[in-house]
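# Tertiary structure, described
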2 protein chains.
Amino acid sequence: MLPSTPQGWNAQGWNAYAGTCPTRMVLDRIADKWAVLVLGLLGDGPVRFNQLRRRIEGISQKMLSQTLKSLERDGLVSRRAIPTVPVTVEYSITPLGETLSATVDGLRIWAETHMEQVLKSQQQYDAAAA
Amino acid sequence: MLPSTPQGWNAQGWNAYAGTCPTRMVLDRIADKWAVLVLGLLGDGPVRFNQLRRRIEGISQKMLSQTLKSLERDGLVSRRAIPTVPVTVEYSITPLGETLSATVDGLRIWAETHMEQVLKSQQQYDAAAA
DNA sequence: CAGAATCCAGCTCGATACTG
DNA sequence: CAGTATCGAGCTGGATTCTG
């Protein structure tokens, strides 16, 4: 995002710069719920592929594989293949990944703090509509 | 999210509680790029429907309408219809919406700070693959 | 001006099956 | 164990058309 308004939004340039707009980029990344989950779990320490698969109940191997690959590409997660038989692969969060994880925590705190208000608002809205 | 790990992730319970998990909920909301854009723009002050439409270049009226409706339902944005002819509708951010907007700023800052590293990592990854 | 309704192309994602 | 490949259902979101 090049020139910014006080809020940091540049509505005119947004689409043109979408590919390089940092906000848009990070949004695309954390919009991926699996990525956020993986990042959160790896915060506890290195985990293997099928361990992740079991701990993130509901994820398909396709999505886990895909998620890990793009997290690795972004430098947020690192992959280490240990030449055992059969092979063992260990994923860990990188220092960069930890900084993102820490930032995302702000959102979780917002959610925990304000969820009740949001839920209440939704109920009122729905009640009014009926 | 009920019992939390130090990182705040409860992998086991995630899917079961997905409907009420605060993290998941806020993620679903900010995962919507249009919602984030609208929230950002409304931070500058009240804006009318077609003004938003023009300033967020690339959004369809369908998505804008949809986005505004769910933001209003969540209590993040308020709608005021002014009985002129033709009718004028003014959207503004609520105090609650401002708190979310402020939190999302943390992400924008992370992105601005670390985007270069991420881009570099991607290039290295792609180069290594080729 | 501010939307609602419809139609449909494209992409996501899960299920399944196979490999080193 | 740690993936890749393929197929198809389903949802997302744009274009278009119409209304109060």
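Residues numbered from 1 in each chain as written. Chains lettered and ligands numbered in written order. Predicted model: local features only at pLDDT ≥ 70, side-chain atom pairs only at ≥ 80, totals over all residues. Heavy atoms only, no water.

Chain A is annotated in an unreviewed UniProt entry as Helix-turn-helix transcriptional regulator of Bradyrhizobium sediminis.

## A word on the protein's contact with DNA strand D
Around DNA strand D, the structure places 18 residues, and the nearest of them are A:Ser65, A:Arg79, A:Tyr91, B:Lys62 and B:Met63. Within 4 Å of the protein, the atoms of DNA strand D are drawn from sugar and phosphate moieties in a proportion of 65%. The contact in question runs from a phosphate oxygen of DNA strand D to an N or O atom on the backbone of A:Asn50, over 3.0 Å. Only α4 (49-55), α5 (61-73) and β3 (88-93) of chain A together with α5 (61-73) of chain B provide two or more residues apiece to the surface near DNA strand D. The dominant element in the surface near DNA strand D, judged by the number of residues it contributes, is α5(A), at 4 residues. Within the surface near DNA strand D, the residues separate by chemical class into 7 nonpolar, 6 polar and 5 charged. (Near = heavy atom within 4 Å. Polar contact = N/O pair within 3.5 Å; in protein donor to acceptor, adjacent residues only side chain to side chain. Helix = DSSP H or I, 4+ residues; strand = E, 2+ residues; numbered from the N terminus. Nonpolar A, V, L, I, M, F, W, Y, C, P; charged D, E, K, R; others polar.)

## Observations concerning the UniProt feature "domain: HTH hxlR-type" (unreviewed entry) in chain A
Per the UniProt entry, the sites bearing "domain: HTH hxlR-type" (unreviewed entry) are residues 21-119 of chain A in this numbering. Regarding residues 21-119 of chain A, the helix share stands at 65% and the strand share at 14%, and the terminal C-alpha atoms are separated by 32 Å. (UniProt positions renumbered as here; feature names shortened; annotations may be inferred.)

## A short note on the sheet that holds β3(A)
Strands belonging to one sheet form pairs held by backbone hydrogen bonds; the direction of such a pair is parallel or antiparallel. Residues and elements named next belong to chain A. Strand order in the open sheet formed by 3 strands is β1-β3-β2, and the pairing between neighbours is antiparallel. The open sheet is flanked by β1 (47-48) and β2 (77-82), the only strands paired with a single partner. Sheet topology note: the β1/β3 ladder contains 2 bridges and is antiparallel. Note on β3: the bridge partner recorded for arginine 48 is glutamate 90. Sitting on the sheet, helix α3 (residues 33-42) is in contact with β1, β2 and β3, with an inclination near 90° to β3. (Pairing = 2+ DSSP bridges. Contact = heavy atoms within 4.5 Å. Axes fitted to C-alpha atoms, helices over the stretch in contact; angles between N-to-C directions.)

## Quick word on helix α3 (residues 33-42) of chain B
Residues and elements named next belong to chain B. Here α3 lies mainly inside the structure; 9 of its 10 residues are buried. Buried within α3 we find Trp34, Ala35, Val36, Leu37, Val38, Leu39, Gly40, Leu41 and Leu42. The backbone nitrogen of tryptophan 34 lies 3.0 Å from a side-chain oxygen of the residue at the head of α3, namely aspartate 32. (Buried < 20%, exposed > 50% of the residue type's maximum accessible area, 1.4 Å probe, protein only.)

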